[in-house]
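The chain contents come next:
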Amino acid sequence: MNPIRIRAGEQSYEVIVDRGVLARIGSLLPPKFKGGACAVISDENVAALHAGTVLSSLTEAGVRPVLIAVSPGESSKTMQQAEAICDQMIEAGLDRSSFVVAVGGGMVGDLAGFVAAIYHRGIPCVQVPTTLLAQVDSSIGGKTGVNTVAGKNLIGAWHQPALVISDVDTLETLPPREFRQGFAELIKHAVIRDAEMFERLQRFDRGDLPALIRRNVEIKAGIVAADERERTGERALLNFGHTIGHAIESAGSYRDFLHGEAISLGMVAASEISVRKAGLSEAERERIVRTLEAFKLPTRLPTDFPREKILGAVSLDKKFARGEVRFVVVPTIGSARLVENVTMADIEGAIEDLCR
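Small disclaimer: the values here were computed from a predicted structure and weren't measured. (Residues numbered from 1 in each chain as written. Predicted model: local features only at pLDDT ≥ 70, side-chain atom pairs only at ≥ 80, totals over all residues. Heavy atoms only, no water.)

Undergrad: I keep staring at the packing of helix H10 (residues 242-251) against helix H11 (residues 259-277) and nothing clicks. Help me out?
TA: Relative placement of two packed helices is described by the angle separating their axes and the distance separating the axes. Taken N-terminus to C-terminus, the directions of H10 and H11 make an angle of 135°; their axes are 7 Å apart at the nearest point. Judged by the angle between their axes, H10 and H11 are oblique. Pair H10 / H11 crosses with right-handed handedness. Where H10 approaches H11, its residues His242, Ile244, Gly245, His246, Ile248 and Glu249 are matched on the opposing element by His259, Ala262, Ile263, Leu265, Gly266, Ala269 and Ile273. When grouped by side-chain class, the residues that make up the contact of H10 with H11 number seven nonpolar, five polar and one charged. (Axes fitted to C-alpha atoms, helices over the stretch in contact; angles between N-to-C directions. Helix = DSSP H or I, 4+ residues; strand = E, 2+ residues; numbered from the N terminus. Parallel < 35°, antiparallel > 145°, perpendicular 65-115°, else oblique. Left-handed = near helix turned anticlockwise from the far one by under 90°. Contact = heavy atoms within 4.5 Å. Nonpolar A, V, L, I, M, F, W, Y, C, P; charged D, E, K, R; others polar.)

Below, the structure written as structure tokens:
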């Protein structure tokens, strides 16, 4: 078990990727957390599977845990839910010396991280991602937030975790669809940064998961270290497929597509735009689409999907600055860049192509 060190500005923390580490979470905590109290924030489905193991390990380490479980799904990722969690933490007597443990997928990690960022003006958060998507992406980098009616993650805070513990064994408890959506982020990392990993994904074997997860963490770690708060444009490369993907999620009221499924669709659209704006070859665009399909991720929208809602959501996206879209394109697999010459007409055309 060799932890991966993440450097973000003046902060640094470790990411532990291994099998069977959930039962040892208490022993893996930094010494300053021992003897303290924490809120273990999860959703009801994940809590039923893993909360007992986490609570027992924390208790054995001398920590006083309080379990707070919310309803599963993006509908829980709201300001109202964050406030309700804070009220429960206050009632339980948690103070500024306490910390948060987020046990679950991306929704739980974003919500719990946001609560940690605002509770007593900021307390530490330990991320314990239990989905593939969260292990390779959302648990790392310090982005936290909640959704609004207008769009996804429009309210949030930068709050780097104190530690990330990824137990690969938790992936065995995922429903097939939930497991598959995580590959959207693996494919994204390969497309923007690692052509060799893209080739490895063509020969994927489930036994490759620990090494693949570690490689994806390393890719994101390098990008986060170079641009923690998206000031130079480097970190924005991680948004490949996300401008349109987030808009598809919003247009479907976060019910029609899981996050990874929407990002898959967004990458198909972004690949088409990359052909027009960045010189991506038709052959490589086709390889990206076929790889997504190999992992049973969607590459086409239903013909009756509300396309006008997608365009409306794009205009509210955080990447839509001063009326211009800062869009990530790929000139070739393994390389990406940020451009500002993508128009709404380009996006509308790519969305139309998704519905054909």
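Undergrad: Help me out: how do you make sense of the sheet that holds strand S3 (residues 37-43) in this one?
TA: The strands that make up a sheet are held in pairs by hydrogen bonds between backbone atoms, and each pair lies either parallel or antiparallel. Spatial ordering of the open sheet is given by S1-S2-S9-S6-S5-S3-S4, a layout of seven strands whose pairing is mixed. Of all strands in the sheet, those with a lone pairing partner are strand S1 (4-8) and strand S4 (64-70), marking the two edges. Sheet twist, expressed as the average angle between the axes of neighbouring strands with direction ignored, equals 20°. Both strand S6 (residues 125-129) and strand S9 (residues 163-167) contribute to a ladder of two bridges, which runs parallel. Bridge assignment links Val126 to a residue of S9, and that residue is Leu163. The strands that helix H2 (residues 44-60) touches are S3, S4 and strand S5 (99-104); relative to S3, the one it contacts most, it runs at about 160°. Sheet strands touched by helix H3 (residues 79-91): S3, S4 and S5. Its angle to S4, the strand with the most contacts, is close to 155°. (Pairing = 2+ DSSP bridges.)

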